[in-house]
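Observations on the three-dimensional arrangement
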Amino acid sequence: MDIIRGVFKMPRLWWLISLILLVLLATLPLYGSAYTVILITAIIMYVILTVSWTMFFAPTGYLSLATAAFFGIGIYTMAILGEQLPLLPAVIAGGLVSFVVALIVGAITLRLRGVYFTIFTFGLVELIKHLLLFWEINVTGTRGRFVVLENNNTIFGVILGIFVVLMLTYYLLRRSKYGLALRSIGENEEAAAHLGVNVNLLKVFTFALSAFFMGAAGAIMATRWTYVDPYVAFNVLHSFLPVLMAIFGGMSQLYSPIIGAVIFAYIEEQLLTRFPEYFMLIFGVILVVAILYLPNGLVGLVRKWWQKGLREENVNS
Amino acid sequence: MLDINHLDTFYGKAQALWNISLSVDKGEIVALVGSNGAGKTTLLNTICGLLHPASGSISFLGERIDGLTPHAIVELGISHVPEGGRVFTSMTVRENLEMGAYTYHAWKRKDETIKQVYQVFPVLKERERQLARTLSGGEQQMLAVGRGLMSRPKLCLFDEPSYGLSPILVAEVFRVIKSLREQGITILLVEQNVRQTLEVADRACVLENGRVEVEGACDRLLTSDYVRKAYLGL
């Protein structure tokens, strides 16, 4: 009951703005071009990866580079189950398989701290990629797989649905005592344990929860790409980009990683189509500037200006 | 209330506690004193489940608790205020207190308990919305004690609550500990501040090199030659 009551405690204005944006997005296929729908689908995919990564990193400080692994597991779940299961169950299956793998990996690795954890999660992507490649070549005798194609508007609807469920989950997590406990783990695990927090269980479960959304996003995106192989599915860029997008946008507010991911993904798309040869160069410069001058991300900067503005207004009046 | 029998605890292969037996009765203040490295903190960490004994037993209210996880032990009613307080510096004072009520039963009564803690420490109410890192050392220690009370414990373990505080604040901490006993909370107190501790506590246990060296009523220890020589410098 606490959880349900929590939903209604959010300021009305925020609910209104979120609802209007959501309606605008949900009705996009009615007024937007096919290209816009595809573009927004790609952007929402990055938003999901970024927010679910932030959900674990922001409170605990555990930097995971396993995003591509869970995303890829979702892709392959869809490639294998897509013909047997209807679309939605297959997407949920993609999330669940990632969830279970994350539980196992988390139970083994979350005792590691700092840079060791990060390196292990990075290794996980490569490990799964090469295991899968070995299996496909030696056992199934293929290198890639075809995935059942879905209608672009259906894909858009599903990915929007995943995004909404993710945002509600993250919002409730942040407000609950478990969100508070995750932050206390980020500050001092031993002190958190002293207070009765089941540190390992909470860390592993939250890690798996974030993997669920990454897996579900992978499953639905597989139906857009139609052909997948281990190199496409387990692309390490899907581990790095969410980290950079979250740094770019900031992580203090619920919406900051969204803003980072939207702007970043849009810039990426524009650079890729307009300046394909300078893409990585321009991208790199933007990143360096963001890391050097935006310690709290774009949202942190705007909030600073906003508060400064308010203060000056108070002085003048 | 708390019964410790023939306890041995190891750090890896090094034995830190040797055959410790100790009991704490309801409503008592029992002090653990001894020099650095005597095993006082190790004993507290073993009681609250962060370390597991190699042999021996610990019972709380008649129930074996060695082998339980720290969160199960907090749920039973033992709260631990660790050395140096360890408050969460980038969380607000109120959030720190709420974390103290993390266990299932305490969480339901947390608003009521916070009011009681604010009565004991009015300064925490004033600073409710501030980040804990903006508090002075003494205030942080108050916050740590307040956070320890949030789980509504029956037994409170204090690890050097006076460490690093000015004499006035040390007196304040001892005053608070006495007032907790009046509210019915049993206390096991680890201290280096031997004289003041022996004046506040009912019984004391002197640890040395992981063993119980002397144990007894405080008024008796204060006059014993051994304690006077070794800890009071008389």
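Not measured: the values here are computed from a predicted model.

Rules used throughout
Residues numbered from 1 in each chain as written. Chains lettered and ligands numbered in written order. Predicted model: local features only at pLDDT ≥ 70, side-chain atom pairs only at ≥ 80, totals over all residues. Heavy atoms only, no water. Helix = DSSP H or I, 4+ residues; strand = E, 2+ residues; numbered from the N terminus. Rg over C-alpha atoms; globule rule 2.2 N^0.38 Å. Buried < 20%, exposed > 50% of the residue type's maximum accessible area, 1.4 Å probe, protein only. Contact = heavy atoms within 4.5 Å. Areas by Shrake-Rupley, 256 points an atom, 1.4 Å probe, with all protein chains shown as cover. Lys, Arg positive; Asp, Glu negative; His and termini not counted. Charge placed at Lys NZ, Arg CZ, Asp CG, Glu CD. Expected span 1.5 Å × (residues − 1). Salt bridge = Lys/Arg side-chain N within 4 Å of Asp/Glu carboxyl O. Polar contact = N/O pair within 3.5 Å; in protein donor to acceptor, adjacent residues only side chain to side chain. Pairing = 2+ DSSP bridges. Axes fitted to C-alpha atoms, helices over the stretch in contact; angles between N-to-C directions. Buried area = accessible area lost by both parts, 1.4 Å probe. Nonpolar A, V, L, I, M, F, W, Y, C, P; charged D, E, K, R; others polar.

Turning next to the overall build of chain B. Secondary structure summary: chain B contains 11 helices and 10 strands in total. Taking 17 Å as the expected radius of gyration for a compact globule of 234 residues, we find that chain B reaches 17 Å, a close match to that expectation. Based on the C-alpha atoms only, the size of chain B along its principal axes is roughly 50 × 40 × 30 Å. Counting over 234 residues, chain B shows a buried share of 55%. Looking at chain B alone, contacts between residues at least 24 apart form 65% of all its contacts between residues at least 6 apart. Total accessible area computed for chain B in this model is approximately 10200 Å², and 49% of it derives from carbon and sulfur atoms. Side-chain charges in chain B split into 26 positive and 27 negative, and the spacing between the mean points of these groups amounts to 4 Å.

Turning our eyes to something else, we now look at helix 13 (residues 237–249) of chain A. Residue and element names in this part refer to chain A. Here helix 13 spans 18 Å end to end across 13 residues, near enough to the 18 Å set by a 1.5 Å rise per residue. When you tally the buried positions in helix 13, you get 10 out of 13 residues, the bulk of the element. Three or more residues of helix 13 are buried, namely His 238, Ser 239, Leu 241, Pro 242, Val 243, Leu 244, Met 245, Ala 246, Phe 248 and Gly 249. One or two residues past the end of helix 13 sits Gly 250, with phi positive at roughly 100°.

Bringing helix 7 (residues 115–140) of chain A into the picture now. Residues and elements named next belong to chain A. End to end, helix 7 covers 36 Å across 26 residues, agreeing with the expected 38 Å (1.5 Å per residue, within 8%). Of all the residues in helix 7, the buried ones are Phe 117, Thr 118, Thr 121, Leu 124, Val 125, Ile 128, Lys 129, Leu 132, Leu 133 and Glu 136. Just downstream of helix 7, Gly 141 is the residue with a positive phi angle, here 70°.

Residues and elements named next belong to chain B. In this structure, Glu 191 sits in strand 8 (residues 186–191). An unpaired buried charge is present at Glu 191: no salt bridge exists, and Lys 40, the closest side chain of opposite charge, is 8.4 Å distant. In terms of polar contacts, Glu 191 uses its side chain to reach the side chain of Ser 162, at 2.9 Å. Excluding residues that lie within four positions of it along the chain, Glu 191 makes contacts with Leu 32, Val 33, Gly 34, Lys 40, Glu 160, Pro 161, Ser 162, Phe 174 and Thr 197.

All names here are of chain B. One open sheet accounts for 4 strands, arranged 2-1-4-5; its pairing is antiparallel. Only two strands of the sheet have a single partner each, and these edge strands are strand 2 (14–24) and strand 5 (63–64). As judged from the 5 bridges shared by strand 1 (residues 2–11) and strand 4 (residues 55–60), these two strands associate in the antiparallel manner. Bridging across to strand 4, Ile 4 finds its partner in Ile 58. The sheet strands contacting helix 1 (residues 40–47) are strand 1, strand 2 and strand 4, and the helix crosses strand 1 at an angle near 110°.

A separate point is the interface of chain A and chain B. Opposite the 18 residues of chain A that make contact, chain B presents 23 residues. Regarding the contact of chain A and chain B, the summed buried area is about 2000 Å², with carbon and sulfur atoms giving 63% of it. On the chain A side of the contact with chain B, A:Lys177, A:His194 and A:Leu195 bury the most area, a combined 37% of that side's loss. A salt bridge links B:Glu95 to A:Arg183; the nearest nitrogen and oxygen atoms lie 3.0 Å apart. If you look at where chain A meets chain B, you find 7 residue pairs in polar contact (both at pLDDT 80 or more). Residue assignment for the side of chain A that touches chain B shows that the elements contributing at least two residues are helix 9 (177–187) and helix 10 (189–194) of chain A. Per-element tally for the side of chain A that touches chain B: the top contributor is helix 9 of chain A, with 7 residues. Split by residue class, the side of chain A that touches chain B holds 9 nonpolar, 5 polar and 4 charged.

Residues and elements named next belong to chain B. Applying the stated criterion to the full structure yields 17 salt bridges over all chains. The salt bridge partner of Glu 28 is Arg 203, with a shortest N-O separation of 2.7 Å. Here the residue Glu 28 occupies a position in the loop between strand 2 and strand 3 (29–33), and Arg 203 occupies one in strand 9 (residues 203–208), the gap between them amounting to 175 residues. One exposure class covers both Glu 28 and Arg 203, and it is buried. Glu 139 is the partner of Arg 127 in a salt bridge, and the nearest nitrogen-oxygen pair spans 3.1 Å. With Arg 127 in the loop between helix 6 (122–126) and helix 7 (137–149) and Glu 139 in helix 7, the pair connects residues that are 12 residues apart, well separated along the chain. Owing to a relative accessible area of 16%, Glu 139 belongs among the buried residues under this scheme.

Bringing the sheet that holds strand 10 (residues 211–217) of chain B into the picture now. Residue and element names in this part refer to chain B. With mixed pairing, 6 strands are arranged side by side in an open sheet as 6-7-8-3-9-10. Of all the strands in the sheet, just strand 6 (78–81) and strand 10 have a single pairing partner and so form its edges. Neighbour-to-neighbour, the strand axes of this sheet turn through a mean angle of 15°, independent of strand direction. The pairing of strand 6 with strand 7 (residues 155–159) spans 4 bridges and is parallel. Pairing of Val 81 across the sheet is with Phe 158, part of strand 7. Most of the contacts of helix 8 (residues 167–182) go to strand 8, to which it runs at about 155°, and overall it touches strand 3, strand 7 and strand 8.

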